[in-house]
Amino acid sequence: MPRARTQPVPATLDGSATINDASPVKSAERTVKILETLAASPTRLTLSELQERMGYPRSSLHALVRTLRELKWVEADETGSAFGVGPHALLSGTAYLDRDPALRFAQETLEDLRGEIGYTIHYARRDDAHVLYLASREARDSGGRVSRVGRRLPAHVTALGQALLAELTEAEVDELLPFQLEALQPRSIVGRAALHEELDVVRKRGWAFEREQNTEGVACVAAAVGYRIPATDAISCSMPADHATPGHVEEVADAVTRHTAALARRLRHEGIR
């Protein structure tokens, strides 16, 4: 009687074999979390620092980082002991931007809005409890400030995020946000009741405003782009905090809401959802 053919045992990214479906999923999840942790860090991280932040076994972490280095998703410093995201991570990010149907139209709006008011303009999308920056137009006098494209910030401390959280019900916001709200600056809203009060204000006036909640010396006005329900995207204008007098904020808000409303109409007309 011929012997039954056995199926090959699948291997995980760290080279270990498994006989069930759970381990490959865990390995893939760990790989993604490593990339996200490295991308979120302003500096390169050693294996010890990665292990401290993530809690993964050192042997598994070492194998995954080694594989990611070989595939150029992770790169090391000149000593080979500290790691950051590699060039192939950029390829994946730009592919997302290139294929987004709304972004081409949004880029034109950012250009027009910057031309009208002169400040730095951002376009972002809500990513669960965060906002992900997809496009920026820096103010001409920005002094070479680094673009935020590809960066991810907690939604509750940004005007962009507050404009998009205001699209949700109070219960949906509570379910979405973490129990403990992170403070990036002394002015950051960290109380849930205070945040809900602010979101009520945003809903009534149609735009969000924050002053130095995520960046010292910067104030921001934002409005949601309502081509989806609830809106997932928003446009913001960043200005020096000392420029943000009540009258000037109203002028900027008028420009931002006019341009976001026009963009939403155009996206709906183009059939983009």
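These lines cover the structure that appears in this document, whether it is placed above or below. (Residues numbered from 1 in each chain as written. Predicted model: local features only at pLDDT ≥ 70, side-chain atom pairs only at ≥ 80, totals over all residues. Heavy atoms only, no water.)

With that out of the way, let us pick up the sheet that holds strand β2 (residues 74-76). Pairing within the open sheet is antiparallel, and its three strands lie in the order β1-β3-β2. This sheet does not close on itself; its edge strands, each paired only once, are β1 (45-46) and β2. Here β1 pairs with strand β3 (residues 82-85) via two bridges, running antiparallel. If you follow Thr-46 over to β3, its bridge partner there is Ala-82. (Pairing = 2+ DSSP bridges. Helix = DSSP H or I, 4+ residues; strand = E, 2+ residues; numbered from the N terminus.)

A word on the pattern of salt bridges. Counted by the stated rule, this structure contains 14 salt bridges. Residue Arg-258 pairs with Glu-116 through a salt bridge whose shortest N-O separation is 2.4 Å. Of the two residues, Arg-258 is situated in helix α9 (residues 246-269) and Glu-116 in helix α5 (residues 103-117); the sequence distance between them amounts to 142 residues. Relative accessible area serves as the criterion here: at 40%, Arg-258 is assigned to the partly exposed category. (Salt bridge = Lys/Arg side-chain N within 4 Å of Asp/Glu carboxyl O. Buried < 20%, exposed > 50% of the residue type's maximum accessible area, 1.4 Å probe, protein only.)

Moving on, we get to the state of the cysteines. Scanning the entire structure with this criterion turns up zero disulfides. The thiol of Cys-220 is not disulfide-bonded; the next cysteine sulfur, from Cys-237, is found 6.9 Å away. Judged by relative accessible area, Cys-220 falls into the buried class, the value being 6%. Cys-237 gets classed as buried once you look at its relative accessible area, which sits at 0%. (Disulfide = S-S within 2.5 Å.)

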